[in-house]
Amino acid sequence: MKKTQTQVCIIGAGPAGLLLGHLLRAEGVDCVVLERRSPDYVLSRIRAGVLENITVSLLERLGLDSRMKAEGLPHDGFNLADGERLIRIDIAELTGQQVVVYGQTEVTRDLMDAREERGLEVVYEAEDVTLHEVDGDAPRVTYSLGDEEHQVDCRFVVGCDGFHGPSRKSVPASVGKEYLREYPFGWLGILADVPPCNHELIYANHERGFALASMRSETRSRYYIDVPLTDKVEEWPDDRLWDELAIRLGPEAAANITRGPALEKSIAPLRSYVFAPMRHRSLLLCGDAAHIVPPTGAKGLNLAASDVHYAADALVRFFKAADNDAIGGYSDKALARVWKSERFSWSLTKLMHRFPEDGPFERAMQVAELDYIANSRAAQTSIAENYVGLPV
Ligand code: APR
Ligand code: PHB
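**Here we look at the overall build of the chain**
- In terms of regular secondary structure, the chain is built from 12 helices and 21 strands.
- On C-alpha atoms alone, the chain measures out to a radius of gyration of 21 Å, which is about the 21 Å that the 2.2 N^0.38 rule sets for 392 residues.
- Across its three principal axes, the chain shows a C-alpha extent of roughly 65 × 40 × 40 Å.
- For the chain, restricting intrachain contacts to residue pairs at least 6 apart in sequence, the fraction spanning at least 24 positions comes to 72%.
- Accessible surface, the chain as shown: approximately 16,600 Å² in total, 49% of it carbon and sulfur.

**Describing the site of ligand 2**
- Taken together, the neighbourhood of ligand 2 is formed by 14 residues, with Tyr203, Ser214, Arg216, Tyr224 and Pro295 sitting nearest.
- Pro295 places a main-chain nitrogen or oxygen 2.6 Å from an oxygen atom of ligand 2.
- One of the backbone N or O atoms of Ala298 is found 3.4 Å from an oxygen atom in ligand 2.
- Protein contacts shield 100% of the accessible area of ligand 2, which totals 280 Å² for the unbound molecule.

**Regarding the pattern of salt bridges**
- Counted according to the given criterion, the structure contains 26 salt bridges.
- We note a salt bridge from Glu93 to Arg377, for which the minimum N-O separation is 2.9 Å. In this pair, Glu93 sits in helix 5 (residues 91–95) while Arg377 sits in helix 12 (residues 377–388), placing the two residues 284 residues apart along the sequence.
- The partly exposed category is assigned to Glu93, whose relative accessible area is 46%.

**Examining the domain arrangement of the chain**
- Here the chain is described as being made up of domain 1 (2–74 + 96–179 + 271–347) and domain 2 (183–270 + 355–388).
- Taken over C-alpha atoms, the centre of domain 1 sits 29 Å from the centre of domain 2.
- At the junction of the two partners, domain 1 supplies 24 residues and domain 2 supplies 17 residues.
- Inspection of the domain 1/domain 2 interface yields zero salt bridges.

**Some points on the site of ligand 1**
- Not every one of the 24 residues close to ligand 1 is listed here, only the nearest: Ala16, Glu35, Arg45, Gln104 and Asp288.
- Arg36 places a polar main-chain atom, nitrogen or oxygen, 3.1 Å from a nitrogen atom of ligand 1.
- Arg45 is positioned such that a nitrogen or oxygen atom in its side chain is 2.5 Å from an oxygen atom of ligand 1.
- Coverage of ligand 1 by the protein amounts to 91% of the 720 Å² it exposes when considered alone.
- Of all the elements in the fold, those that place two or more residues in the shell around ligand 1 are helix 1 (15–26) and helix 9 (300–321).
- Per-element tally for the shell around ligand 1: the top contributor is helix 9, with three residues.

**Points about the nonpolar core**
- In terms of nonpolar packing, the biggest core is built from 80 residues, with Leu20, Leu24 and Leu34 touching the most fellow members.
- The element best represented in this core is helix 9, accounting for 12 residues.
- With sequence-adjacent residues up to four places away left out, Leu24 is seen in contact with Val8, Ile10, Val29, Cys31, Ala312, Leu315 and Val316.
- Formed by 33 residues, the second largest nonpolar core is a distinct cluster that contains Phe210, Leu348, Tyr387 and Val388.

**Looking at the packing of aromatic side chains**
- Going through the model one piece at a time under the given rule, you end up with 15 aromatic pairs.
- Ring geometry for Tyr223 versus Trp242: centroids 5.4 Å apart, planes at 80°, classification edge-to-face. With a gap of 19 residues between them, Tyr223 in strand 17 (residues 221–227) and Trp242 in helix 7 (residues 238–249) connect regions that are remote in the sequence. With respect to class, Tyr223 is no different from Trp242; both count as buried.
- Between Phe318 and Phe319 the ring centres are 5.0 Å apart and the planes differ by 85°, which places this aromatic pair in the edge-to-face class.
- Put simply, the rings of Phe78, Trp187, Tyr203, Phe210, Tyr224 and Tyr387 pair up and form one aromatic cluster.
- The residue whose ring lies beneath Arg37 is Tyr41, and the NZ or CZ to ring-centre distance is 4.3 Å.
- Lying over the aromatic face of Tyr387, Lys299 brings its terminal NZ or CZ to 5.9 Å of the ring centre.

**Points about the sheet that holds strand 10 (residues 127–132)**
- The four strands are arranged 1-12-11-10 in an open sheet whose pairing can be described as mixed. Strands at the two margins of the open sheet, each flanked by one partner only, are strand 1 (2–5) and strand 10. Neighbour-to-neighbour, the strand axes of this sheet turn through a mean angle of 20°, independent of strand direction.
- Sheet topology places strand 1 next to strand 12 (residues 148–153); four bridges connect them, and they run parallel. Across the sheet, Lys2 pairs through a bridge with His150, a residue of strand 12.

**Quick look at the packing of helix 10 (residues 325–352) against helix 12**
- Direction vectors running N to C along helix 10 and helix 12 enclose 125°, while the axes themselves pass 10 Å from each other. As far as their axial angle goes, helix 12 and helix 10 are oblique. Crossing handedness for the pair helix 10 and helix 12: left-handed. Touching Lys340, Arg343 and Phe344 of helix 10 are Ile383, Asn386 and Tyr387, all from helix 12.

Scoring rules and cut-offs
- Residues numbered from 1 in each chain as written.
- Chains lettered and ligands numbered in written order.
- Predicted model: local features only at pLDDT ≥ 70, side-chain atom pairs only at ≥ 80, totals over all residues.
- Heavy atoms only, no water.
- Helix = DSSP H or I, 4+ residues; strand = E, 2+ residues; numbered from the N terminus.
- Rg over C-alpha atoms; globule rule 2.2 N^0.38 Å.
- Contact = heavy atoms within 4.5 Å.
- Areas by Shrake-Rupley, 256 points an atom, 1.4 Å probe, with all protein chains shown as cover.
- Near = heavy atom within 4 Å.
- Polar contact = N/O pair within 3.5 Å; in protein donor to acceptor, adjacent residues only side chain to side chain.
- Salt bridge = Lys/Arg side-chain N within 4 Å of Asp/Glu carboxyl O.
- Buried < 20%, exposed > 50% of the residue type's maximum accessible area, 1.4 Å probe, protein only.
- Domains from an automatic or database assignment.
- Core = buried A, V, L, I, M, F, W, Y, C linked by side-chain atoms within 4.5 Å.
- Phe/Tyr/Trp six-rings, centres within 6.5 Å; stacked < 30°, edge-to-face > 60°.
- Lys NZ or Arg CZ within 6 Å of the ring centre and 35° of its normal.
- Pairing = 2+ DSSP bridges.
- Axes fitted to C-alpha atoms, helices over the stretch in contact; angles between N-to-C directions.
- Parallel < 35°, antiparallel > 145°, perpendicular 65-115°, else oblique.
- Left-handed = near helix turned anticlockwise from the far one by under 90°.

Take a look at the structure:
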């Protein structure tokens, strides 16, 4: 067994784990990141592409924002479509802020590429990562690399290991509480090297179902429709999906859709999930390890970023200022923002999707709410401030 000592052991080298690792290293806190998969595998995962201010500002603070600034697309607004009408939410005018369209996979790539120059130790293909004694002040994490066993002795473990990782499961059942809402549909997404149909995102609620027109760049588009959970991606050849998108996005957008072969096509389930508390003794949880949002509000990465902002601040205060209070307050502080983002993502999902159990009354409520939004600056401001991201 090869033993190493560090201050913080981070599990998971997705955006949360890498952001946290870089922030701690930048403040002189020793850490190591343990990742189950290879770098290529991590980068192969297709993720959403809208960055809130918190995510942009953390990249700026780390000096890792140059590619995002060069290739990212600043957006001043987005659109809600309900059949004939396009309701534009002018986020710049209503909040004075923008969002940046930049693939979240590219954020991960930028953080990965900087690990050597920044001295961030990331162990890829670490197998059987197991947490021990997180109840005490001297937790340890064991893992195997090839045929060698390793142990990391540390003061804190931060679980950035996503929804399926081991960290959350290390919180005693008597301590943790789960909140779950599963949705009766999935999102079928297609990535294609074609120009976007619109310069801003369009979220559509059509009688046939939901559609989203998004993009990665001026030449690469990302589209989604909602489909029954029983659907298989093989049932959706490209042409059928392009036809459905043209119908659901409405005639104006459809006229500008450029079709092309799918670079990637997959169906993902939707759920709202929160695990509380987000800290148990020497274990902190960040990102998808603690919560999941439906992608409707593009909050996944951005919530991970605000968790990491709070966790990094608390850990730096602990190690550099002997301040235990910030660690003690981490869970409540992170959850306060998590719940507001969960609410927004849930409400936008309810507004923009047709639920199988809904009747004429529920549909009438959607029509009334969209009409209210179309005609109310206050309603649009509420949506805009949630979309750009509430203050951290
Ligand atoms: N041991 C080590 N690493 C693990 C283990 C394990 N047992 N289990 C999972 N991991 C790794 C995964 O391989 C993955 O690289 O943890 C990482 C978790 O990364 P994400 O799932 O991307 O979660 P997170 O970093 O919280 O990102 C949050 O960012 O990309 C967006 O929308 C995405 O909502 C997600 C958000
Ligand atoms: C994406 O571009 O993949 C995307 C954008 C906005 C969302 C979800 C996904 O709400």
